[in-house]
Amino acid sequence: MKSVRSCIGTLVVLVLFRVGEIAEACSCSPVHPQQAFCNADVVIRAKVVGKKEVDSGNDIYGNPIKRIQYEIKQIKMFKGPDRHIDVVFTAPSSAVCGVTNLDTNGKKEYLISGKGEANGKMHVTLCDLIMPWESMSATQKKSLIQRYEMGCDCKITRCATFPCEISAPEECLWTDWVTEKIIHGRQSDHYACIKRGDGSCAWYRGAAPPKKEFLDVEDP
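Conventions we followed
Position labels on residues start from 1 in each chain and follow its written sequence. Local features in this predicted model are restricted to residues whose pLDDT is 70 or higher, and side-chain atom pairs enter the listing and the counts only when it is 80 or higher, whereas totals over whole chains, interfaces and linings include all residues. Side-chain measures were taken over the full set of non-hydrogen atoms in the model, leaving aside hydrogen atoms and water. Only DSSP runs of H or I with at least four residues qualify as helices, and only runs of E with at least two residues qualify as strands; both kinds are numbered from the N terminus onward. Residue burial considers only the protein chains on display, and all accessible areas are found by Shrake-Rupley using a 1.4 Å probe. UniProt positions are given in the numbering used here, feature names are shortened, and annotations may be inferred rather than shown by experiment. Only heavy atoms matter for contacts: two residues are in contact if any of them lie within 4.5 Å across the pair. By salt bridge we mean one thing: a side-chain nitrogen of Lys or Arg within 4 Å of a carboxyl oxygen of Asp or Glu. Burial status follows relative accessibility: with a 1.4 Å probe on protein chains alone, a residue under 20% of its type maximum counts as buried, one over 50% as exposed, and anything between as partly exposed. Only strands joined by at least two bridges in the DSSP assignment are considered to pair.

An unreviewed UniProt entry lists the chain under the name Metalloproteinase inhibitor 2, with Cyprinus carpio carpio as the source organism.

The structure is reproduced here in structure tokens:
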């Protein structure tokens, strides 16, 4: 009986330990690139030229808080403050949503989105839109200039399983997962959800600006 209690006790400890591990894991809900753009304070194109771990104050127990500091060279700002971003911070581990794998040789260009901090700095997580510039579609690159911003008042609703539908005219239904079994499919790569003249929202495809007829559409 004593042996059984010991086994149960060990099992409880192992379960609690595993729960702790799971609680520390990073979890992000899939978002369309337009949603990531609209949710971000800062969206830039940049090269990463340096990386180091730094102290960022102390926690409530007095232990130092570590962060990774990336030094960057900003190429273009699509959204953000009227100044260059020089430094990007992130958590020190991917388990707590830190972005730890950016190339720091200064040759690779990235699209980086995240939250703004003071003095030309920003903070990023694995849940932000961060991707190699060369892997982006022509539509995605063009949409960063104006298209995505035109749809920030729209709501992109992700369809996880069929059947699914929108509940309001201000929504666009994102179906990449159910139609292609991937998160970033045709709608993610080639479409933006744009608000039209009647207040409704609809998917628009193409690198060219939306035509007046598309924006001025009215319900019959």
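1. Digging into the overall build of the chain
The secondary structure content of the chain amounts to 6 helices and 10 strands. Summed over its atoms, the accessible surface of the chain is roughly 13000 Å², and 54% of this surface lies on carbon and sulfur atoms.

2. Here we look at the UniProt feature "binding site: Zn(2+)" (unreviewed entry) in the chain
The sites that UniProt annotates as "binding site: Zn(2+)" (unreviewed entry) are Cys 26. The residue Cys 26 is located in the loop between α1 (2-24) and α2 (33-39) in this model. Aside from chain neighbours lying at most four places away, what touches Cys 26 is Ser 94, Ala 95, Val 96, Cys 97, Leu 126 and Cys 127.

3. Considering the pattern of salt bridges
In this structure the tally under the stated criterion is 3 salt bridges. The salt bridge partner of Arg 45 is Glu 109, with a shortest N-O separation of 2.6 Å. With Arg 45 in strand β1 (residues 42-58) and Glu 109 in strand β4 (residues 109-117), the pair connects residues that are 64 residues apart, well separated along the chain. The partly exposed category is assigned to Arg 45, whose relative accessible area is 21%. Residues Lys 66 and Asp 55 are paired through a salt bridge, measuring 2.6 Å at the closest nitrogen-oxygen approach. On the criterion of sequence distance, the pair formed by Lys 66 in strand β2 (residues 64-79) and Asp 55 in strand β1 is long-range, its members being 11 residues apart. Taking the relative accessible area as the measure of exposure, Asp 55 reaches 52% and is therefore exposed.

4. Describing the pairing of strand β10 (residues 201-205)
Counted residue by residue, β10 has 4 buried out of 5 residues, so it is predominantly covered. Pairing between strand β9 (residues 191-195) and β10: 5 bridges, direction antiparallel. Considered in β10, the bridge of Ala 192 is made with Tyr 204. The loop that links β9 with its antiparallel partner β10 comprises 5 residues; one of these, Gly 199, has a positive phi angle of about 95 degrees.

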